[in-house]
Amino acid sequence: AQTVTQSQPEMSVQEAETVTLSCTYDTSENNYYLFWYKQPPSRQMILVIRQEAYKQQNATENRFSVNFQKAAKSFSLKISDSQLGDTAMYFCAFMKPTSHSGNTPLVFGKGTRLSVIA
Amino acid sequence: EAQVTQNPRYLITVTGKKLTVTCSQNMNHEYMSWYRQDPGLGLRQIYYSMNVEVTDKGDVPEGYKVSRKEKRNFPLILESPSPNQTSLYFCASSPQGANYGYTFGSGTRLTVV
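Reading guide: rules and limits
- Residues numbered from 1 in each chain as written.
- Chains lettered and ligands numbered in written order.
- Predicted model: local features only at pLDDT ≥ 70, side-chain atom pairs only at ≥ 80, totals over all residues.
- Heavy atoms only, no water.
- Contact = heavy atoms within 4.5 Å.
- Buried area = accessible area lost by both parts, 1.4 Å probe.
- Salt bridge = Lys/Arg side-chain N within 4 Å of Asp/Glu carboxyl O.
- Phe/Tyr/Trp six-rings, centres within 6.5 Å; stacked < 30°, edge-to-face > 60°.
- Lys NZ or Arg CZ within 6 Å of the ring centre and 35° of its normal.
- Pairing = 2+ DSSP bridges.
- Helix = DSSP H or I, 4+ residues; strand = E, 2+ residues; numbered from the N terminus.

Q: Got a sec to walk through the interface of chain B and chain A? Specific residues and values, please.
A: At the junction of the two partners, chain B supplies 27 residues and chain A supplies 26 residues. Together, the buried faces of chain B and chain A total about 2,100 Å²; carbon and sulfur atoms form 48% of this surface. Contact with chain A buries area across many residues of chain B, yet B:Leu43, B:Asn99 and B:Phe104 alone supply 27% of it, more than any other trio. At the junction of chain B and chain A, the tally comes to zero salt bridges.

Next comes the structure, spelled out in structure tokens:
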């Protein structure tokens, strides 16, 4: 079974600075997908960024980027120019490729609570 | 607007009183799933459904039931709630065969006293 580990329960960063959230995972699959979700105080689960394991290039979405190290099974999230609105719980998640049969759940880490300080 | 709608958003109930949390999606997604979120544990899958009349257990199914009589609806049923089911619940959906992750509902905060 796949597992996802987020080793930083809480982090803080000054506004406009850069912060990196760590995530490691364990799988025997060669093809899979990795995600970072943001959960602000509103509780909504918001997809931040997605990475396909067979792509070497790290995904980027505006101020958010990942450092994907497949051999090390590491998938960290970098937030540049942190803003107060980035304050949230961040979850790393793993998913096997979906198919037309079988369960393909998102497997989540336990989350990292990020506080952006003015 | 494409969305997953959960109701209610908040619910306080007493031990043993049957309740249903509704979930509806308007995206014609085949795959739907329920998760519960607990502090320090992340999100864990309760049940999932591949399509109408096809449901199966996830990682933490004890004390829950689901049904999928229509493609758009996937209610979560607690026949006899207990305090250890106090949690934040999320419904999610995705197209079968897609790999873009899920669309989540807004969550239901359930308290069982």
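There is more to say after this.
Q: Explain the packing of aromatic side chains to me, and be specific about the residues and the numbers.
A: One pass over the structure, following the stated rule, counts 18 aromatic pairs over all chains. Grouping aromatic residues by their ring pairs yields a cluster made of A:Phe35, A:Tyr37, A:Phe91, A:Phe108, B:Tyr31, B:Tyr35, B:Tyr48, B:Phe90, B:Tyr102 and B:Phe104. Between the NZ or CZ atom of B:Arg68 and the centre of the ring of B:Phe74, over which it lies, the distance is 6.0 Å.

Q: Give me the sheet that holds strand S3 (residues 19–25) of chain B: which residues, what numbers.
A: Residues and elements named next belong to chain B. Spatially, the four strands line up as an open sheet ordered S1-S3-S8-S7, and their pairing is antiparallel. Every other strand in the sheet has two partners, leaving strand S1 (4–7) and strand S7 (65–66) as the edge strands with one partner each. Bridge count for S1 against S3 is four bridges, and the pairing is antiparallel. Each residue of the ladder has a partner; that of Gln6, found in S3, is Cys23.

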